[in-house]
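Spelled out, the chains give:
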Amino acid sequence: MSQGEWEGQPRDECYNEQVIETLSKDPRHFRAPGGESQDDVRTRVVSFVNDYIVSSDDSTVAVFAHGVVIRCFLDYVMQSQTTNWWMHTVDNTAICKFVHDDKRGWYLDTWNHTQHLDADL
């Protein structure tokens, strides 16, 4: 998610009381100056998935992405209008598997799978 003019800036210099109030009122549409909102990311991700993955001749496609992108796609798949999408944990290197079926559309198969990180393996 692009943070626009805030990228590389200390968080406490960007998030003052007014910004936090605005963000808490409408988190889905909030964007930093010159940045993206959650809905912007969701639109971008869904467009990519539909343009490149659904239309692919390959039956399996792997996409490596940041947690925000994965959570925004989950929001789309679950047809969610919630503002607490950030509550869905995506651990670093976790596997999230989405499946597309021509009849059912997208559905979530696996979420935040981290067994490969088990120290005993």
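What you see is a predicted model, and the numbers here were worked out from it, not measured in a lab.

*Asks:* Looking at this structure, I do not really get the environment of Val 41. What am I missing?
*Replies:* Looking at where Val 41 falls in the secondary structure, it is placed in helix α3 (residues 38-53). Put simply, Val 41 and His 66 are 25 residues apart on the chain and 11 Å apart in space, counted from C-alpha to C-alpha. In contact with Val 41, other than residues within four places in its own chain, are Met 1, Glu 36, Val 68, Val 69 and Cys 72.

*Asks:* How should the packing of aromatic side chains be read in this particular structure?
*Replies:* Two descriptors summarise a pair of aromatic rings, namely the distance from one centre to the other and the angle between the planes of the rings. Enumeration over the complete set of coordinates arrives at six aromatic pairs. Aromatic side chains Trp 6 and Phe 30 sit 6.1 Å apart centroid to centroid with 40° between the ring planes, which places their arrangement in the tilted category. With Trp 6 in the segment before α1 (11-14) and Phe 30 in the loop between α2 (17-25) and α3, this residue pair connects regions lying 24 residues apart in the sequence. The buried category is assigned to Trp 6, whose relative accessible area is 15%. One aromatic cluster in this structure is built from Phe 73, Tyr 76, Phe 98 and Trp 106. The ring of Tyr 107 has Arg 104 lying over it, and the distance from NZ or CZ to the ring centre is 3.9 Å.

About the criteria used
- Counting restarts for each chain: residues are numbered from 1 in the order of the written sequence.
- pLDDT decides what is reported in this predicted model: residues at 70 or higher carry local features, side-chain atom pairs at 80 or more are listed and counted, and totals for whole chains, interfaces and linings draw on all residues regardless.
- In computing side-chain values, all of the structure's heavy atoms are included and hydrogens and water are not.
- Per the convention used, a helix needs a DSSP run of H or I reaching at least four residues, while a strand needs a run of E reaching at least two, with both numbered from the N terminus.
- Whether two residues touch is decided by their heavy atoms; if any such pair falls within 4.5 Å, the residues are in contact.
- For Phe, Tyr and Trp, rings pair up if their centres lie within 6.5 Å, where Trp contributes its six-membered ring, and each pair is then called stacked (planes under 30 degrees apart), edge-to-face (over 60) or tilted (otherwise).
- A 1.4 Å probe rolled over the protein chains alone gives each residue an accessible area, and that area as a share of the maximum for its type sets the label: buried under 20%, exposed over 50%, partly exposed in between.
- Two thresholds decide whether a charge sits over a ring: the Lys NZ or Arg CZ must be within 6 Å of the ring centre and within 35 degrees of the ring normal.

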